[in-house]
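Here is how the chains run, residue by residue.
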Amino acid sequence: MTPVVEVEQIVMRYPAARGVGLRRRHLADVVAVDGVSLAVEEGESLGIVGETGSGKSTLARIMLNLLEPTSGVVRYRGEEVTHVRGAQLQALRRERQLVFQDPSGSLNPRRTVGASLSDPFAIHGLLPDRAERGRRVAELLEQVGLEPGHASRYPHELSGGMRQRVGIARAIALGPRLLIADEPVSALDVSIQAQILTLLRELRRELGLTLVLIAHDLAVVRHMCDRVAVMHAGRLVETGTVEDVYRAPRAAYTRELLAAVPRMPQSSSSSST
Amino acid sequence: MAAFVLRRVLWGLLLLLLVSALTFFVFYVLPSADPAQLRAGRSASPQLLAQIRENLGLDRPLTAQYWTFLTNLVPHADLGYSYYSGASVGSLIVDRLPATISLTVGAIVVWVLVAVPIGVLSAVRRGTWIDKLTTGGALLGISAPVYWLGLVSLYLFADDIGRWPLLPGAGSYVGITEDPWDWFSGLILPWLVLASTFTAVYARLLRGSMIEALSEDYVRTARAKGLSERRVVLRHALRAAITPLVTLAGLDIGLLLGGAVLTEAVFGIPGIGRLSYDAIVHADFPVIQGTVLVAALFVIVANLVVDIAYAYLDPRVRAS
Amino acid sequence: MNGAGQSRLVVEDLRVAFDTRQGTVHAVDGVSFDVAAGRTLAIVGESGSGKTVAAMTAMGLTRGARTRIGGRVLLDGEDLLTAPAERLQELRGDAIAMVFQDPLSALHPLLRVGAQVAEAVRAHRDVSRASARARALELLEQVALPDARRRLDAYPHELSGGMRQRVTIAMALANEPQVLLADEPTTALDVTIQAQILALLRRLRDELGMAMVLITHDLGVAAETADEIAVMYAGRIVERAPAGELLTAPQHPYTWGLLRSMPRLDAPVGAELVSIPGRPPSLVHPPSGCRFHPRCPHVRNRHREVDPPLATTAAGAGHEVACLLPEAERRALWARLGAGAVR
């Protein structure tokens, strides 16, 4: 089976300089992604785990053509799309979407929720009929656990969790096949995190999405994903099924990551014994 | 560092060239009095006018005149001669510089000494009568035109025409080397008047900047360390809030050194501002060109100094 | 309840309310706890629970025209809430210190870190600049800041997140405080750095015999560092118990909700997360009766009317819960939930 997304030997290099004006000095380049190759299979849920500076967010953006890699190949459904532009890129955008970490930053504060959700349709020239767009927006809101009435609210009137739901609604609006979620719950309270994660799981089942989840929280990735890729300093350190990697990590860094996660005491009546 | 300064200097020179060309051509495009006419006087005969015109080189094509100007300026630093008085422009400017510098420096001292405490106080005592008083005062200072303030202050305090004659009136400027005390007393009113607008603006700016700084996390940390409120306000909040003001002040100083025209006019101070005002009235083009170039030079230098200063004030800028 | 060591910090019925345009926000509504020397109390809660406000109020950082504070906060017997500003200044950074969440914004961007640490020393000790600087170096080494001597003259933005947090900890410990309040000290940090910082805090607490209050939203962090955990909800403490007991045999439905909505490394792969329905309540108009009742899966009619006080359980002194359900029922419910039941 052709993987949905495949990246081969991706390198992302940024020239770095220190100081401004008077004291500008050129340093060695910053290598955000250093030769990463990864494939995401159809229908699976892949987690990319790493700490700050691991390059995971950069890699995700490269997968979606939001950034052009310094070198390497990006393939979507077997076709090379590394440098795709224009109408072709636009068409691909309908199939691949991103959910951002910060729900307040990614929604335009001056537009109502309904307007933000209608934008994808307008941009891609779909659903020209306003009434039909309105219906679809209401449908989307319900799908993510909100009320149709929320369409007339502004982002600042909603809580963080609700804003993230809107972000998810926007991402699934065009019926994508691939959804990349970049730290979708890090900015939320614990009890709301659970709600959003459950929502993502349900939507994945309902819509048959392929999900790539970027996170620094190992427990979240373990809960949501079938496979996991561990990144450190721009390199791919380990990949495998969640069971394998978490139970018997091969790379030293993976072991270090797992060891750092705080341990909870076992409840005598818990079901995990 | 050296490369940076060199680059800026070269850009500065290019800018000065552009400014001079622009002034040159604007002067000829805009309607103005005929300098030859002004020089010759009312009852001049046409032959005299033609003669003067030829002397001044006004009958030659524009580009030729500009070229002569450049070839005089660059190797010889010769800015030409005044159409009106015949004196060398360079010497006129050098004569007037001390007055302008005296005026500018004094005004700066006043506005810093007044604006900073007011800004800090109104931020710390936000919402109280002190704050409201300074807001009102600031509004007044900003809206009152400088020449109006100048005239009013003269009518109130000048020893020749004032209601309460306390201070020397207009035209009483003397150089510092001649008589330090007279120099000082003659500049008190001009300093206060010139500083008023700036004080108002800077006090408000500092107030805003301080309010923001006081709500920052590092101020909370400073309090949590048990530092005295005074130290928190001055060493932590003010230190952070003052940076934008310093850079702004640098730019304003550059502008003022080019001549505070209105203040110098009202108080009769023989500075560069007055010089350029008179030159405009007399269509004395070489002097206009000279003062404009000097003003531009000051602004360019001020910009450079401000950029360097900013890097020293804010270490984050150095690293970005 | 305290074991060895006397109570260093005693909070009695703390109430903090803010007057805002939307009404009076009752951020902290009757919170009591105490911490003994050498022990760590973790206060766990989500946003709006009041945990940060409680800590900041103990330090006197919330005093203002629109703040109404009630109750007592006793530091070795002295009430901080009624202390005059000068006395508070003497105590802050000396007897009681605080570490904040985001070290980048907590440190002054334009002052070198060594100077900031030395300032904390000179604020309370009459020493020369040179000695303060030497002490700052000592402190930075104590918090294991790599290459401390060189870093004394660094600016905050030149250091990594973990290093910055070590600096803020060094600053807080400059005068060997008896009580340390740490507000989400590791939330802004990577997980490996978090582990290091938590270990550092534990070590320093032991070395200095401090009473530590750790505020966090992360039960895992609490599990690693706390001797005792207090769970806050809507401005109140709803459950308090020794750490192990609270995490394995909790008795409040909110605590159950928190534990069951956390993804855990030791849960079976693909297990469902059970989230707490609804959203945190308004602090301007808190719910009637039991504040958790609108979101509680086990609510009864009476719970809408009666506000349960924090009461000791049969588990012994040390375990308190504010819940109207009978204890036996709570134990049974947890046994079922723990075994995998959904409700």
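None of the values given here were measured: they were computed from a predicted structure. (Residues numbered from 1 in each chain as written. Chains lettered and ligands numbered in written order. Predicted model: local features only at pLDDT ≥ 70, side-chain atom pairs only at ≥ 80, totals over all residues.)

This part is about the overall build of chain A. Regarding its fold elements, chain A presents 9 helices and 12 strands. In terms of C-alpha radius of gyration, chain A reaches 20 Å, essentially the compact-globule figure of 19 Å for 273 residues. C-alpha atoms of chain A, sized along the principal axes, occupy 60 × 55 × 50 Å. Counting every position in chain A, which comprises 273 residues, the buried fraction comes to 40%. (Helix = DSSP H or I, 4+ residues; strand = E, 2+ residues; numbered from the N terminus. Rg over C-alpha atoms; globule rule 2.2 N^0.38 Å. Buried ≥ 20, exposed ≤ 12 C-beta atoms within 10 Å, placed from the backbone.)

What follows concerns the overall build of chain C. Along chain C, the regular secondary structure elements total 12 helices and 12 strands. Compactness check: chain C gives a C-alpha radius of gyration of 21 Å against a globular reference of 20 Å for 343 residues, within 12% of the reference. Overall, chain C is about 65 × 50 × 40 Å in size when its C-alpha atoms are taken along their principal axes. Within chain C, buried positions represent 51% of all 343 residues. Within chain C, counting contacts between residues at least 6 apart in sequence, those at least 24 apart form 64% of the total. (Contact = placed C-beta atoms within 7 Å.)

Let us look at the pairing of strand β10 (residues 210–215) of chain A. Residues and elements named next belong to chain A. Summarising burial for β10: 6 of the 6 residues are buried, a large majority. Burial along β10 is two-sided: Thr 210, Val 212 and Ile 214 facing one way and Leu 211, Leu 213 and Ala 215 facing the other are all buried. Two strands pair when backbone bridges link them, and strand β5 (residues 45–49) and β10 are joined in this way by 5 bridges, in the parallel orientation. Residue pairing in the sheet places Ser 45 in a bridge with Leu 211 of β10. Of the pairings in the sheet, the one linking strand β9 (residues 178–182) to β10 comprises 5 bridges and is parallel in character. If you follow Ala 181 over to β10, its bridge partner there is Leu 213. Viewed along the sheet, the connection from β9 through helix α6 (residues 190–207) into β10 turns out right-handed. (Pairing = 2+ DSSP bridges. Right-handed = clockwise from strand over helix to strand, strands pointing away.)

The next point concerns the confidence of the model for chain A. When the pLDDT values of chain A are averaged, the result is 87; 93% of them are 70 or greater. Here residues 269–273 of chain A is a poorly scored stretch, pLDDT under 50, and it has 12 contacts once near neighbours within four places are set aside; other chains count. (pLDDT = per-residue confidence, 0-100.)

This part covers the nonpolar core. Judged by nonpolar contacts, the single largest core of 245 residues is most densely connected at Val 117, Ala 170 and Ile 229 of chain C. The element that contributes the greatest number of residues to this core is helix α8 (residues 180–214) of chain B, accounting for 14 residues. (Core = buried A, V, L, I, M, F, W, Y, C linked by C-beta atoms within 7 Å.)

Put simply, an interface is often sized by how much accessible area is lost when its parts join up. At the interface, 34 residues of chain A touch 35 residues of chain C. Taken together, the elements giving at least two residues each to the side of chain A that touches chain C come down to α6, α7 (218–224), α8 (242–247) and α9 (252–260) of chain A. With 6 residues, the single largest contributor to the side of chain A that touches chain C is α6 of chain A. Its residues placed into classes, the side of chain A that touches chain C shows 14 nonpolar, 14 polar and 6 charged. (Nonpolar A, V, L, I, M, F, W, Y, C, P; charged D, E, K, R; others polar.)

This paragraph deals with the pairing of strand β6 (residues 71–76) of chain A. All names here are of chain A. Here strand β1 (residues 5–14) pairs with β6 via 5 bridges, running antiparallel. Its bridge partner being in β6, Glu 8 is matched across the sheet by Val 73. Both β6 and strand β7 (residues 79–80) contribute to a ladder of 2 bridges, which runs antiparallel. From the neighbouring strand, Arg 75 faces β7, where its bridge partner is Glu 80. Once β6 ends, the chain turns through 2 residues before running back antiparallel as β7, passing Arg 77 with a positive phi of about 50°.

Before going further, it helps to spend a moment on the sheet that holds strand β8 (residues 96–99) of chain A. Two pairing modes exist for strands in a sheet, parallel and antiparallel, and in both the strands are linked by backbone hydrogen bonds. Residues and elements named next belong to chain A. With mixed pairing, the 6 strands of this open sheet are ordered in space as β8-β9-β10-β5-β11-β12. In this open sheet, the two edge strands, each paired with only one partner strand, are β8 and β12 (235–241). Going across the sheet, the axis of each strand differs from the next one's by a mean of 15°, ignoring polarity. Direction of pairing for strand β11 (residues 227–232) relative to β12: antiparallel, over a ladder of 6 bridges. (Axes fitted to C-alpha atoms, helices over the stretch in contact; angles between N-to-C directions.)

The next thing to look at is the interface of chain B and chain C. Chain B puts 18 residues into the contact, and the matching count from chain C is 25 residues. If you list the elements that add at least two residues to the side of chain B that touches chain C, you get α9 (217–224), α10 (229–241) and α15 (315–319) of chain B. It is α9 of chain B that contributes the most residues to the side of chain B that touches chain C, 6 residues altogether. Each residue belonging to the side of chain B that touches chain C can be placed in one class, and the counts come to 6 nonpolar, 4 polar and 8 charged.

Turning to the packing of helix α5 (residues 89–124) of chain B against helix α14 (residues 285–313) of chain B, a few remarks are in order. The description of two helices packed together rests on the angle between their axes and the distance between the axes. Residue and element names in this part refer to chain B. Interaxial distance between α5 and α14 falls to 10 Å at its minimum, and their mutual angle equals 50°. Here α5 lies oblique to α14, going by the angle between them. The interaxial crossing formed by α5 with α14 has right-handed handedness. Note on element contacts: α14 touches α5 through Pro 286, Val 287, Gly 290, Thr 291 and Val 294, opposite Val 89, Leu 92 and Ile 93. (Parallel < 35°, antiparallel > 145°, perpendicular 65-115°, else oblique. Left-handed = near helix turned anticlockwise from the far one by under 90°.)

What follows deals with α9 of chain B. Of the residues making up α9 of chain B, those classed as buried are Tyr 218, Thr 221, Ala 222, Arg 223 and Ala 224 of chain B. Among the structural elements, α10 of chain B together with β6 (96–99) and α3 (103–106) of chain C are those in contact with the buried residues of α9 of chain B. Downstream of α9 of chain B by a residue or two, Gly 226 of chain B has a phi angle that is positive, lying close to 85°.

Below, the discussion takes up the sheet that holds strand β1 (residues 7–20) of chain C. Residue and element names in this part refer to chain C. Sheet architecture is open: 4 strands sit in the order β2-β1-β4-β5, paired in antiparallel fashion. The open sheet has two edge strands with one neighbour each: β2 (23–36) and β5 (78–79). By the bridge criterion, 11 bridges tie β1 to β2 in an arrangement that is antiparallel. In the sheet register, Leu 14 faces β2, and the bridge partner there is Val 31.

Let's shift gears to the packing of helix α13 (residues 272–281) of chain B against α14 of chain B. Residues and elements named next belong to chain B. Viewed as axis vectors pointing N to C, α13 and α14 meet at an angle of 145°, and their least axial separation amounts to 9 Å. Crossing handedness for the pair α13 and α14: left-handed. Contacts between α13 and α14 involve Ile 272, Leu 275, Ser 276, Ala 279 and Ile 280 from the former and Val 287, Ile 288, Thr 291 and Val 294 from the latter. In terms of residue class, the contact of α13 with α14 is made up of 7 nonpolar, 2 polar and no charged.

What follows deals with the domain arrangement of chain C. As far as domains go, chain C holds domain 1 (103–176) and domain 2 (249–338). The straight-line distance from the C-alpha centre of domain 1 of chain C to that of domain 2 of chain C is 42 Å. (Domains from an automatic or database assignment.)

Residue and element names in this part refer to chain A. At Gln 9, a position not held by glycine, the phi torsion is positive, near 50°. Tracing the backbone shows Gln 9 in strand β1. A positive phi angle, near 50°, is found at Ala 233, a position not held by glycine. Residue placement: Ala 233 occurs in the loop between β11 and β12. Among the residues examined, Ala 233 registers 15 C-beta atoms within 10 Å and is labelled partly exposed.

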